[in-house]
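The lines below spell out each chain.
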Amino acid sequence: MTSKNDDLIEKIPFKRSRGKPGFKLLILSLSLIVFVLSLVLVVRLVQHKPLLPAGESYYNLRLAQELKENPLLIEDPIQNTPYQPNPYHYLLALLLLMLSPSLVSIITPILLGLISAIIFFKLLTLLGIRYEDAAYSLIILAVSPAFINLFTGLYLYGFVLFLSLLIIFLVIISKKSKYTLALSSLLLLVLTLTSLTGFIITLVFLLIICLALKRKVRTVIMPSFPSIIALAFLAFFSIYKPVLLGFHSFEFRNILSVLGADLGYDLFLILLFFAGFIIVWSKNDEKRLLQLVVLIFFVISFFNTVARAYSSLVITFYCVTAITYFYNRKWELEIIRTGTLLLILSSLVFSLTSQVNLLIDAQPDKEIENSLLFLKKLGAGIVLSAEDTGFVIEFYSGKQALLDQNSFLNLNYNEAKNDTVRLFLTPRLSEAEPILGKYNIRYIFITPEMKQEIWSDRQEGLWFLVENSDSFVRKYEYASIELWEYAPGRRT
Amino acid sequence: MKNTKTSKEHKIAKEHIILAIIFALVLAMRLFMVFSEKGLDYEAYNVLRQVEHIKETGTPLFKDALSYSGRTFVFPPLFYYLLAGFSFFMPLELVIKIIPNLAFASLVIAVYLIAKHLTKNKTASLIAAFFSGFVPIIFYSINQASVYSLSLPLIFFLSYTFLRIEEKGFATMSIVLIILLLLTHSSVFILLISFIIYFIILTLEKQDINKKELEIALFLFFLTVWFNLLLYKKAFLLHGIKFIWQNIPAPLLSSYFEDITFLGVISAIGVLPLLLGVYAIYHVFFKTKNQAATLYLGFAFISFIMLWFKFIPFKVGLLFLSINLIILSAYGIKTILVTISKTKTPWLSNVIALSLVVLFTLTSIVPFVLSTKTDATPNPSDDDINALQWIRNNTAERVVVLGRVEEGFLINYASERRNVADQNFLLINNIDQRYEDIGLLFTLRLKSEAVRLMNDYKINYILLSNQTMKEYSITGLFYADPDCFDVVYRKEAIVYRFLRCDVE
């Protein structure tokens, strides 16, 4: 199959690397990926921390557990919001039938990451990129912050990326096979239900690849028909609301991992990408349109999280091109060559270690877990805390957090967010009580991060209020974590 | 033949003698100014602590228990090591005053060498060297222990070795200078961006790019990005893109990053270097193509852009801009001198050269004299230092002393006690709040609020220095009644002790 496609593909000319072409390199790259992805989880396990770093993973795992009990779930039992069926949750629920939540948390992301990497490798070779360069791309992928982040937790976009790669791969190889075409149609449908943004990006990618491989556009249009029809049907006749997610304004904090972006680029990889892009651009006159599309997509990724996940894969090829160029180039100053290559190597290691460290150090820790398990034993009620702790609170305590990372989908999000900010900053009961009453808040869960970020480690605002008002009862305090119950007129 | 050689040697010696005289003049002028001022400026006390720590332990003070009552410093340490090295041969107070000025004066040599390479004209190069030594902005920023005193000459020496990279030994020198620069200050980024602009201009003009230059620039690029990411990783994470502005509190930001005005540039750089520099830019762009001049053109351009968009502290930006314009002005001077020497009155070129020096002296002397009178921030007075020494001798070791932010380093050094804040803002959370609170603690009238803040920052003593009283127009703290505060030292400066009272 590969050889047939090779005939259609115009090879992108760039200098050959000095390494021997071979299978060993691929195995090495894949081993590195497995090592990196498992490292975060293993270290967290050794440190007795909950396996998954805080965030969306806890939401996905909780819903998968709910679906395991009730596959026809129509409402999120904790958030009390309508539940839109998501194939990823069903996949996790299916796995939970066979494995424990811990095993699912370990195996699923690593496996998805590994398979995604293998498919990505196959795609690169199908697109005419040399075997060794494709393998080197996997090494770059292994140190990309976005890739590490996506596949060290139960993230939806990790699954979306995996599905997309699989679909693109199937479409490329399904030249005459109707079965693969049908399978790709089915997977596109699954992708549509998982992430509309992912579906659109996949379609765009497929179109570009078809143009690059000089395939008929029909090969892309046909498998996407069922998805488009299903999407229209669901939008009109069900509670399903197609929403394009992942868009945000341009902010360096969202883009650069060094500034703390969850799904960001490493600064060095961006620099290498630009270097590689210039090299490819200057050496390949015929495919400049394709390069331009890549550049546009890269720019778009600054404004969309899902696009950034895809783009993190695309840039690896350019990074490899840049590194290969620096390696093969005839340098006038040999010492500078050695120094530059060493710097590039160490920057990749730096990128890897910083991202791994961030994930290892990420909340929740054992103390947060214990405090939330304590909260679980208390009576029902809504919990007020920081927005990014919402999913963890809901997972461990089984109680609704006033705000979590899904709240932005709610209509009253801005109002609730503003009220929360006001509540956190007020030291007066007269100002706090109406807000507490408006949202039926019963518990206030204060973490060390909140103390630092909201109150600069000084007892101010709501923190001051709960300490000094009879309307609040301290329920738990350990390791700077505090749990208060709002109980007007009662002090135990 | 022998006579010719001797005459040539004689000429070279003469040129060097003039350069040495300029260097000595600049150094003498700077030292005169520095020694005519009593004591050290506020920031120098941080340098003193760092150097003393290096002398005692061999390492700089990266974890400081006194600054902000405990914090981490991140900085490249070479400057402090250099001063520590010299302090083995002479008293530290002298080192702090002499070495940075010696380094600043060496800029004259760097400018001469660059101008000579650029113009191949000794007269023009010497005039440029003279300009660089006496350009007003260089005296505005006569901070007694500024790290720029080392990084600025290093940057220009590096640009010089970069231009001569094809010649034997210059590649090695470039690498050594790159490493020294990285270990001195992160301002090397400006040179890096200038290199990029330089290559872009060369590409646009379809000129050949020297391979070695490209390689050195590439190496510098990767090394600088890598080193700074490694060094400032935590600061990046904490402050985000605001890191560029060094986490300076918002009210102070406008004084560090001022708006650039035409008059401001003229008074800082001088009319003559500015005009000659602009003339050279025109010449390089439209008349002749000079690769070396293109580099400084790019450098000047990027300094201006960074000043304009406030990516660089105002005075530092002007320093870079002025030195680059002076280097370019050498090109302008050479063009004028060569043109005149080709006329029927070639002797006139010497007159013109002399006139340029006289004109520069006249046009720059006025802003320079004015600047020494108005721009200089007063050094801490003896009374303030005595008050702090009293604190050192009469208080417990772990107490926290409140002073103005500018006095933070002085509190650490003279009293050996903790401060609430100082002028190194990096890695400090909620700096705006802290800065505002410090201001409030000197102006508040409400005792309850003051006591709350005192408790929040765990303050034990308040230093009301001469300068603080002047700045806030107060003679004492409004809220300091005997229930909560005790005046433990009262001379020209006042020291209050906080009695840890509770206020409802």
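Here the structure is a predicted model, which means the values were calculated and not measured.

*Asks:* Can you explain the overall build of chain A? Please cite residues and give values.
*Replies:* Within chain A one finds 22 helices and four strands. Along the longest, intermediate and shortest principal axes, the C-alpha atoms of chain A span 80 × 60 × 40 Å. Looking at chain A as a whole, 55% of its 492 residues qualify as buried. Sequence separation of 24 or more characterises 70% of the internal contacts of chain A that already satisfy a separation of 6 or more. Total accessible area on chain A is roughly 21,600 Å²; 65% of this is exposed by carbon and sulfur atoms.

*Asks:* Kindly report on the interface of chain A and chain B, identifying the contributing residues and their values.
*Replies:* One widely used convention gives an interface's size as the accessible area the parts lose upon coming together. Taken together, the contact pairs 31 residues of chain A with 31 residues of chain B. Roughly 2,900 Å² of surface becomes buried between chain A and chain B when both sides are summed, with 73% attributable to carbon and sulfur atoms. It is Leu343, Phe350 and Arg458 of chain A that lose the most area in chain A upon contact with chain B, and together they represent 22% of the buried surface on that side. Across the chain A-chain B interface, the total number found is two salt bridges. Joining chain A to chain B, the criterion identifies six residue pairs in polar contact (both at pLDDT 80 or more). Looking at the side of chain A that touches chain B, the elements that each hand over two or more residues are helix H12 (252-255), helix H13 (267-283) and helix H16 (334-361) of chain A.

*Asks:* Could you give me a rundown of the pattern of salt bridges, with the residues and numbers involved?
*Replies:* Between side chains of opposite charge, a pair can form when the charged atoms approach closely. Residue and element names in this part refer to chain A. Within this structure, the stated rule accounts for 32 salt bridges over all chains. Close ionic contact of Glu415 with Lys438 constitutes a salt bridge, the shortest N to O distance being 2.5 Å. Of the two residues, Glu415 sits in helix H19 (residues 413-425) while Lys438 sits in helix H20 (residues 429-438), which places them 23 residues apart along the sequence. The network of salt bridges with shared partners includes Lys451, Glu467, Arg474, Glu477 and Glu482.

*Asks:* So what's going on with the sheet that holds strand E3 (residues 472-478) of chain A? Residues and values would help.
*Replies:* Residue and element names in this part refer to chain A. Taken in spatial order, the four strands of this open sheet run E1-E2-E4-E3, and their pairing is mixed. Because the sheet does not close on itself, it has two edges, and the strands there are strand E1 (382-384) and E3. When strand polarity is set aside, the average angle formed by the axes of neighbouring strands in this sheet is 25 degrees. Pairing of E3 with strand E4 (residues 481-486) involves six bridges; the strand directions are antiparallel. Counterpart to Phe472 in the pairing with E4 is Tyr486.

*Asks:* I'd like a rundown of the pairing of strand E2 (residues 441-446) of chain A, residues and numbers included.
*Replies:* All names here are of chain A. For E2, a buried count of five out of six residues is recorded, marking the element as mostly surrounded by other parts of the structure. Relative to E2, E1 runs parallel, the two sharing three bridges. The residue of E2 that forms the bridge with Leu384 is Ile444. Across four bridges, the pairing between E2 and E4 is antiparallel. For Ile446, the partnering residue across the bridge sits in E4 and is Glu482.

*Asks:* Break down the side chain of Ser322 of chain B for me, citing the residues and quoting the values.
*Replies:* You can see Ser322 of chain B is positioned in helix H16 (residues 314-341). If sequence neighbours within four positions are ignored, Ser322 of chain B has contacts with Val135, Ile137 and Ile269 of chain B.

*Asks:* Tell me about the side chain of Asn247 of chain B, residues and numbers included.
*Replies:* Residues and elements named next belong to chain B. Here Asn247 is to be found in the loop between helix H11 (211-239) and helix H12 (250-256). Given the relative accessible area of 11%, Asn247 is considered buried. Among the polar contacts listed, one links the side chain of Asn247 to the backbone oxygen of Phe425, at a separation of 2.7 Å. From its side chain, Asn247 meets the backbone oxygen of Ile428 in a polar contact 2.9 Å long. When residues no more than four places from it in sequence are discounted, the contact partners of Asn247 are His239, Lys242, Phe425, Leu426, Leu427, Ile428 and Ile431.

*Asks:* I'd like a rundown of helix H18 (residues 390-397) of chain A, residues and numbers included.
*Replies:* Residue and element names in this part refer to chain A. Among the eight residues in H18, eight count as buried, and that is most of the element. Listed as buried for H18 are Gly390, Phe391, Val392, Ile393, Glu394, Phe395, Tyr396 and Ser397. Against the buried residues of H18 lie helix H3 (56-69), helix H17 (366-377), E1 and E2. Just downstream of H18, Gly398 is the residue with a positive phi angle, here 70 degrees.

*Asks:* Break down the packing of helix H8 (residues 156-173) of chain A against helix H15 (residues 305-328) of chain A for me, citing the residues and quoting the values.
*Replies:* Residue and element names in this part refer to chain A. H15 packs onto H8 with a crossing angle of 55 degrees between their chain directions and a minimal axis gap of 10 Å. Taken together, the axes of H8 and H15 lie oblique to each other. When the axes of H8 and H15 are compared, the crossing they make is right-handed. Contact residues: Tyr157, Val160, Leu161, Ser164 and Leu165 in H8; Thr305, Val306, Ala309, Tyr310 and Leu313 in H15. Residue composition of the contact of H8 with H15, by class: eight nonpolar, two polar and no charged.

*Asks:* Mind laying out the environment of Ile435 of chain A, listing which residues take part and the relevant values?
*Replies:* All names here are of chain A. Checked against the element boundaries, Ile435 lands in helix H20. When the C-alpha positions of Ile435 and Asp419 are compared, they lie 6.7 Å apart, and in sequence the two are 16 residues distant. If we ignore the near neighbours within four places in the chain, the residues touching Ile435 are Asp419, Arg422, Leu423 and Ile441.

*Asks:* Would you mind going over the packing of helix H8 (residues 148-163) of chain B against H16 of chain B in detail, with residue names and values included?
*Replies:* Residues and elements named next belong to chain B. Where H8 meets H16, the axes come as close as 12 Å, and the angle between the chain directions of the two elements is 35 degrees. Crossing geometry of H8 relative to H16 is assigned as right-handed. Packed against H8, whose contacting residues are Tyr148, Leu152, Ile155 and Phe156, the element H16 presents Val316, Leu319, Phe320, Ile323, Asn324 and Ile327 at the interface. Along the lines of polarity and charge, the residues of the contact of H8 with H16 split into nine nonpolar, one polar and no charged.

*Asks:* Any details on unusual backbone geometry? Residues and values, ideally.
*Replies:* Residue and element names in this part refer to chain A. Put simply, Gln363 and Pro364 share a cis peptide bond, and its omega is 0 degrees. In this fold, Pro364 is placed in the loop between H16 and H17. Positive phi is not limited to glycine here, since His48 has a value of about 60 degrees.

*Asks:* So, the packing of aromatic side chains: which residues are in play, and what are the values?
*Replies:* The tally for this structure, following the rule as stated, stands at 61 aromatic pairs over all chains. Taking 4.9 Å as the distance between ring centres and 55 degrees as the angle between the ring planes, the aromatic pair formed by Phe147 of chain A and Phe151 of chain A counts as tilted. Residues Phe130 of chain B and Phe360 of chain B carry aromatic rings whose centres are separated by 5.9 Å and whose planes lie at 70 degrees to one another, so their mutual orientation is edge-to-face. Here the residue Phe130 of chain B occupies a position in helix H6 (residues 122-134), and Phe360 of chain B occupies one in helix H17 (residues 348-374), the gap between them amounting to 230 residues. Each member of the pair, Phe130 of chain B as well as Phe360 of chain B, is classed as buried. Here a set of aromatic residues connected by ring pairs shows up, and it is made of Phe250, Phe252, Tyr265, Phe273, Phe274, Phe277, Trp281, Phe298, Phe302, Phe303, Phe317 and Tyr318 of chain A. One cation-aromatic arrangement involves Arg329 of chain A over Trp331 of chain A; the distance from NZ or CZ to the ring centre is 5.3 Å. Against the face of Tyr327 of chain A rests Arg337 of chain A, its NZ or CZ located 5.0 Å from the ring centre.

*Asks:* Explain the pairing of strand E6 (residues 485-490) of chain B to me, using residue names and the numbers behind them.
*Replies:* All names here are of chain B. In the sheet, E6 pairs with strand E7 (residues 494-498) via five bridges, with the strands oriented antiparallel. Along E7, the bridge assignment pairs Val487 with Tyr496. Taking the residues that link successive antiparallel strands as the turn, the E6-E7 hairpin has three residues.

*Asks:* Can you tell me about the sheet that holds strand E3 (residues 400-402) of chain B, naming the residues and giving the values?
*Replies:* Spatially, five strands are ordered E4-E3-E5-E7-E6 (chain B) in an open sheet, and the strand pairing comes out mixed. Strands with a single pairing partner mark the edges of an open sheet, and in this sheet they are strand E4 (418-419) and E6 of chain B.

*Asks:* Explain the confidence of the model for chain B residue by residue, including any values.
*Replies:* All names here are of chain B. Averaged over every residue, the pLDDT of chain B is 88; residues scoring 70 or more account for 93%. The low-confidence segment residues 1-5, where pLDDT is below 50, has zero contacts with residues more than four positions distant or belonging to other chains. Across the whole predicted complex the pTM is 0.85, and at the interface the ipTM reaches 0.80.

*Asks:* With reference to specific residues and values, describe the confidence of the model for chain A.
*Replies:* Within chain A, residue pLDDT values average 88, and 95% of them lie at 70 or more. Contacts for the low-pLDDT stretch residues 1-19 of chain A, under 50 throughout, to residues beyond four places or in other chains number 42 contacts.

*Asks:* I'd like a rundown of the environment of Phe162 of chain A, residues and numbers included.
*Replies:* Residues and elements named next belong to chain A. Topologically, Phe162 is positioned in helix H8. For Phe162 and Phe35, which are 127 residues apart along the polypeptide, the C-alpha to C-alpha distance reads 19 Å. In this structure, Phe162 is in contact with Leu112, Ile115, Ser116 and Ile119, ignoring residues within four places of it in sequence.

*Asks:* Describe the nonpolar core, naming the residues involved and giving the relevant values.
*Replies:* All names here are of chain B. Of all hydrophobic cores here, the largest spans 282 residues; its most connected members are Phe156 and Tyr296. Setting aside residues up to four positions removed in sequence, Tyr296 forms contacts with Ile114, Leu118, Phe156, Ser159, Tyr160, Leu163, Asn324, Ile327 and Leu328. Core analysis: the second largest hydrophobic core is formed by 34 residues, Ile428, Leu441, Leu477 and Tyr496 among them.

Rules of the game
- Residues numbered from 1 in each chain as written.
- Chains lettered and ligands numbered in written order.
- Predicted model: local features only at pLDDT ≥ 70, side-chain atom pairs only at ≥ 80, totals over all residues.
- Heavy atoms only, no water.
- Helix = DSSP H or I, 4+ residues; strand = E, 2+ residues; numbered from the N terminus.
- Buried < 20%, exposed > 50% of the residue type's maximum accessible area, 1.4 Å probe, protein only.
- Contact = heavy atoms within 4.5 Å.
- Areas by Shrake-Rupley, 256 points an atom, 1.4 Å probe, with all protein chains shown as cover.
- Buried area = accessible area lost by both parts, 1.4 Å probe.
- Salt bridge = Lys/Arg side-chain N within 4 Å of Asp/Glu carboxyl O.
- Polar contact = N/O pair within 3.5 Å; in protein donor to acceptor, adjacent residues only side chain to side chain.
- Pairing = 2+ DSSP bridges.
- Axes fitted to C-alpha atoms, helices over the stretch in contact; angles between N-to-C directions.
- Parallel < 35°, antiparallel > 145°, perpendicular 65-115°, else oblique.
- Left-handed = near helix turned anticlockwise from the far one by under 90°.
- Nonpolar A, V, L, I, M, F, W, Y, C, P; charged D, E, K, R; others polar.
- Phe/Tyr/Trp six-rings, centres within 6.5 Å; stacked < 30°, edge-to-face > 60°.
- Lys NZ or Arg CZ within 6 Å of the ring centre and 35° of its normal.
- pLDDT = per-residue confidence, 0-100.
- Core = buried A, V, L, I, M, F, W, Y, C linked by side-chain atoms within 4.5 Å.

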